[in-house]
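Observations on chain architecture
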Amino acid sequence: MDSENRSFLSLTFIPLFSASFIFTCSYASNPFLLGIHPLDEKFFQSEVIKCKDGSKSFTRDRVNDDFCDCVDGTDEPGTSACPAGKFYCRNVGSKPQFIFSSRINDRFCDCCDGSDEYDGSVHCTNTCVMGGHIEYMTGSSISTIRDMGSIDAKETKSVVSEDMIQKLKGLKVVIILQVVLIACVAIFWIFPRRAKSKIRRYR
């Protein structure tokens, strides 16, 4: 009977663990949202999306299709198709930043997490660390901040705090999944033992 409990436990534990792993991986990385700020993810969820400058509308399948539909680059945050486009580097563990979309896949690692060089032509190691990355620590990021011009200090601080809120929400989902998984395993492990002990008492 003990081997039956173990096989039952393994048959329930493995699918639950696999499902939570797949959900966590799909939640953490979505290639469709490449280069998009976390606060803009809802903006890109509708089927028909309007350019941020209001000039045109485009369908969701045209996001990051390497063809510039919007003059302001709204539809191409993850490619270098639009000259006015901006790519958002999440830089987990460091300071998130926007870079010009012309720097995407240019064989130079601009984001410390290497997300701007996703085509595989060059391998960017993740140099983000808590509190800063190599480029930020040496002070050479001043030129990239100066290039952005339109982003002021208050906007940068709000972007960082809003990005941190999004990261914490994602972490919260992962923790909840893990707690549910552990609770299920504990229930399937404890209840068969209690049933066994009750059967022994009545004999």
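Residues numbered from 1 in each chain as written. Predicted model: local features only at pLDDT ≥ 70, side-chain atom pairs only at ≥ 80, totals over all residues. Heavy atoms only, no water.

Some points on the overall build of the protein
Here is the rule: Helix and strand labels come from DSSP, where a helix needs a run of H or I of at least four residues and a strand needs a run of E of at least two; each type is numbered from the N terminus. Whether two residues are in contact is decided by their heavy atoms, any of which lying within 4.5 Å being enough. Using a 1.4 Å probe, accessible areas were evaluated by the Shrake-Rupley method; residue-level cover was limited to the displayed protein chains.
Looking only at helices and strands, one finds four helices and six strands in the protein. Beginning at the N terminus, the succession of helices and strands in the protein can be written as α-β-β-β-β-β-β-α-α-α. For the protein, contacts bridging at least 24 residues in sequence account for 41% of all contacts bridging at least 6. With an accessible surface of roughly 13,300 Å², the protein has 63% of that area assigned to carbon and sulfur atoms.

A word on the state of the cysteines
Definition in use: The definition used for a disulfide is geometric: two cysteine sulfur atoms within 2.5 Å. Each residue's exposure class comes from its accessible area (1.4 Å probe, protein chains only) as a fraction of the maximum for that residue type: buried when under 20%, exposed when over 50%, partly exposed otherwise.
Per the stated rule, a full pass over the model turns up five disulfides. Between the sulfur atoms of C51 and its disulfide mate C70 the distance is 1.9 Å. Measuring handedness by torsion sign, the sulfur bridge of C51 and C70 sits at about -75° and is left-handed. Here the residue C51 occupies a position in the loop between β1 (48–50) and β2 (57–59), and C70 occupies one in the loop between β2 and β3 (86–89), the gap between them amounting to 19 residues. As far as the burial class goes, C51 and C70 line up, both buried.

Quick look at the pattern of salt bridges
Applicable threshold: The term salt bridge refers to a side-chain nitrogen of Lys or Arg lying within 4 Å of a carboxyl oxygen of Asp or Glu.
Across all of its chains, the model carries four salt bridges by this definition. Among the salt bridges present, the one from R90 reaches E41, with a minimum N-O distance of 2.7 Å. Residue R90 is located in the loop between β3 and β4 (97–100), and its partner E41 is located in the loop between α1 (2–28) and β1; the two are separated by 49 residues in the primary sequence. For R90, a relative accessible area of 29% corresponds to the partly exposed category. In this structure, D69 engages R62 in a salt bridge whose closest nitrogen and oxygen atoms are separated by 3.7 Å. Residue D69 is classed as buried on the basis of its relative accessible area of 9%.

Observations concerning the nonpolar core
Heads up, the condition is: Nonpolar cores were defined as sets of buried Ala, Val, Leu, Ile, Met, Phe, Trp, Tyr and Cys residues, with membership established by side-chain atoms within 4.5 Å.
L33, I36, F44, I49, C51, F58, V63 and C70 together form the largest nonpolar core, which totals eight residues. Grouped together as the second largest cluster of nonpolar side chains are five residues, F87, C89, I104 and C111 included.

Some details on the pairing of β4
Here is the rule we go by: Pairing between strands requires that DSSP locate at least two bridges from one strand to the other.
Where burial is concerned, the two faces of β4 differ: the one with Q97 and I99 is buried and the one with F98 and F100 is not. Of the pairings in the sheet, the one linking β3 to β4 comprises four bridges and is antiparallel in character. Paired with C89 across the two strands is Q97, which belongs to β4.

Describing unusual backbone geometry
A positive phi angle, close to 65°, is found at D66, a residue other than glycine. Here D66 is to be found in the loop between β2 and β3. One non-glycine residue with positive phi stands out, namely R107, at about 70°. If you trace the backbone, R107 turns up in the loop between β4 and β5 (128–129).

A closer look at the confidence of the model for the protein
What counts is decided by this rule: pLDDT expresses, on a scale from 0 to 100, how confident the predictor is about each individual residue.
When pLDDT is averaged along the protein, the result is 74, and 61% of the positions lie at 70 or above. In the predicted structure, residues 21–30 sits below a pLDDT of 50 and forms seven contacts with residues beyond four places in sequence or in another chain. Between residues 131–152, whose pLDDT stays under 50, and residues either more than four places distant or in other chains, the model counts 30 contacts.

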